[in-house]
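# Overview (structure and organization)
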Amino acid sequence: MKAFEYAAPSTIESAVSLLGDQWGETEILAGGTDLITSLKQGITAPDRVVSLKHLGLNDITVDEDKGTVTIGAMTPMGALASDNTIARHFPALAKAASNLGSPQMLSTGTVGGDLCQRPRCWYYRNGMGLLAQKDGKSLVEAGDNRYHAIFGNGGKAKFVSASSLGPALIALGATIATSSRRIPASEFFATPKSESERETVLKPNEIATAIEVPLSGLKNATYEVRHRRGLDWPYATASVAFQANGGKAQVVLGHVAPTPWVASQAAAVLNGAAVSSEIAAKCGAAASQGAAPLSKNGYKTKMVETAVKRAVLIAAGLQAEG
Amino acid sequence: MSEEPTSSQVSDSGLSRRGFLKGFGVSGAATGLIAEAHAQEAESAPKVHGPGEIPVTLSINGKNHRINLEPRVTLLDALRNRLDLTGSKKVCDRGTCGACTVLVDGDPAYACSMLAIEAEGREITTIEGLGTPDQMNAVQEAFVENDAQQCGFCTPGFVVACTAVLNQNPDATLEEAQGGCGGNLCRCGTYAGMNQALLDAAKSMKMKGGA
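Residues numbered from 1 in each chain as written. Chains lettered and ligands numbered in written order. Predicted model: local features only at pLDDT ≥ 70, side-chain atom pairs only at ≥ 80, totals over all residues. Heavy atoms only, no water.

Further remarks concern the domain arrangement of chain B. All names here are of chain B. Under the domain assignment, chain B is made up of domain 1 (27–128) and domain 2 (131–208). For the pair domain 1 and domain 2, the two sides together bury roughly 1100 Å², of which 59% comes from carbon and sulfur. Inspection of the domain 1/domain 2 interface yields zero salt bridges. Here domain 1 and domain 2 share five residue pairs in polar contact (both at pLDDT 80 or more) between them. Counting only elements with at least two residues in the side of domain 1 that touches domain 2, the list comes to β3 (101–104), β4 (107–110) and α4 (127–130). Split into classes, the residues belonging to the side of domain 1 that touches domain 2 amount to eight nonpolar, five polar and four charged. (Domains from an automatic or database assignment. Buried area = accessible area lost by both parts, 1.4 Å probe. Salt bridge = Lys/Arg side-chain N within 4 Å of Asp/Glu carboxyl O. Polar contact = N/O pair within 3.5 Å; in protein donor to acceptor, adjacent residues only side chain to side chain. Helix = DSSP H or I, 4+ residues; strand = E, 2+ residues; numbered from the N terminus. Nonpolar A, V, L, I, M, F, W, Y, C, P; charged D, E, K, R; others polar.)

Before going further, it helps to spend a moment on the packing of aromatic side chains. Residue and element names in this part refer to chain A. A complete count under the given rule lists six aromatic pairs over all chains for this structure. For the pair tryptophan 122 and tyrosine 147, a centre-to-centre distance of 5.3 Å together with 55 degrees between the ring planes defines the contact as tilted. One end of the pair, tryptophan 122, is in helix α8 (residues 122–125); the other, tyrosine 147, is in the loop between α9 (139–142) and α10 (166–171), with 25 residues separating them in the sequence. Assessed through its relative accessible area of 39%, tyrosine 147 is described here as partly exposed. Among the aromatic residues, ring-to-ring pairing joins Trp122, Tyr147, Tyr235 and Tyr299 into one connected group. (Phe/Tyr/Trp six-rings, centres within 6.5 Å; stacked < 30°, edge-to-face > 60°. Buried < 20%, exposed > 50% of the residue type's maximum accessible area, 1.4 Å probe, protein only.)

This part covers the interface of chain A and chain B. Tallying the contact residues gives 44 residues for chain A and 49 residues for chain B. Taken together, both faces of the contact between chain A and chain B bury some 3700 Å²; the carbon and sulfur share is 55%. Where chain A touches chain B, the interface holds two salt bridges. Among the ionic pairs, lysine 40 of chain A bridges to aspartate 93 of chain B, the shortest N-O distance being 2.7 Å. Linking chain A to chain B there are 13 residue pairs in polar contact (both at pLDDT 80 or more). At the level of elements, β1 (5–7), α1 (12–17), β2 (26–29), α2 (35–40), β3 (48–51) and α6 (103–108) of chain A are the ones that each hand at least two residues to the side of chain A that touches chain B. Counting residues per element, the side of chain A that touches chain B draws most heavily on α6 of chain A, which supplies five residues. (Contact = heavy atoms within 4.5 Å.)

Residue and element names in this part refer to chain A. Of all five residues that make up strand β13 (residues 250–254), four are buried, and the element is covered over most of its length. Of the pairings in the sheet, the one linking strand β12 (residues 236–242) to β13 comprises five bridges and is antiparallel in character. Note that in β13 the partner of threonine 237 across the bridge is glycine 254. Both β13 and strand β14 (residues 261–262) contribute to a ladder of two bridges, which runs antiparallel. Counterpart to valine 252 in the pairing with β14 is valine 262. What sits between β13 and β14 in their antiparallel hairpin is a turn of six residues, with histidine 255 showing a positive phi close to 65 degrees. (Pairing = 2+ DSSP bridges.)

Below, the structure written as structure tokens:
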């Protein structure tokens, strides 16, 4: 690990002033569950690390007047998973958090870190670059792409977004507050086109500070298709939200594209429909439309259908949480 | 690469791109405790520490240790290489196997994925703080009774994780207790013995009212 300077400022303004305006000059440290490993592996080698540990930002608060629940970016994932307000209003978030499966990750990993963690693509993690290009060709396309994207993979980025909370936050219409602006969750994630870009619209000297989720009474759920209950990333995730009468439906997929993937054609199946097993299956089938698997990840297409179907049934109260 | 740096690495600490840092009161080594910097920050520019060694105070197993560390040193390396607390094991060193598990303010955490400097002000409990060969805690005793290990490398991490989950939920079902070990791996596959140890430890803790 390259040596670096360390600062733990006590105000957001100080923290921003300590950050460079180019990616890689400085890194933001929240829980560290991703960054520390990346530092050891030389995937990033900043001159300075800015810790957010003295900023607070770790409360979950309800504002009845505004009709929002605000989650501080430094809230541990475990606190989100076990919070009563979150469990009552946003089971899609509680489930996505608790599914992390590792008490160590739950106690240390943060909500903001979940949104800003780097992809788990093994080419990237082994130093072959975010876009894993060699001689103008994609190593992912020619190589072992079993965990890579089946949607949004037409460009150079073939990795999947690692965020557990992203799909649910988009489905719930959340907004992400940063040190300088407010960003709808649906516009927070971005697909990098070059090695010097990252996976969110955040600037190098911008800090995600909180997430606001509207209390809109939507039925919601997350279902992850997983290999094991313990620490691992899912193969495919679906987060859904809709009104009791099927209105205002949102279906968002995770771990299948370089960003959380909005499946609007699946949402259209739900809109205005009384949810049944048949409708849920149709919704799942619609969600997989347009999938473009690589050579070794065609299996994910079926998993998307299953994840969406089960998330819809769980949200509608027609199936117990799995 | 992830061991503590050698002196040659320290002197080669790559500060060539520090032009943008000017004007932020970049400090040299030994500028004082983070806590002091924290208090002074209101009046002046925020303090920056390192990349050389700075004094860090760690509270481990109820005892304060003041050591000089570079900011890049992980809690696990500080425990093992500087404080001779080698019970916490370094296996994957990337937050996936759980062999380095310690308690931070009572919650299980991967010591390999936390900077030592970030642990300042927190209460760290390592496997050494849970019990001794003569006075084992309930989980340690149950692991011995049930031969719940083979090579033993994952064992300290499992014992800490099991202790945490049973401390937090003494009435945990086996499934819940297993969930508490979801961040630990045993490559020898001694899970059957550990399951039995979990059940026995839970029973004994309930009788004694704690680990």
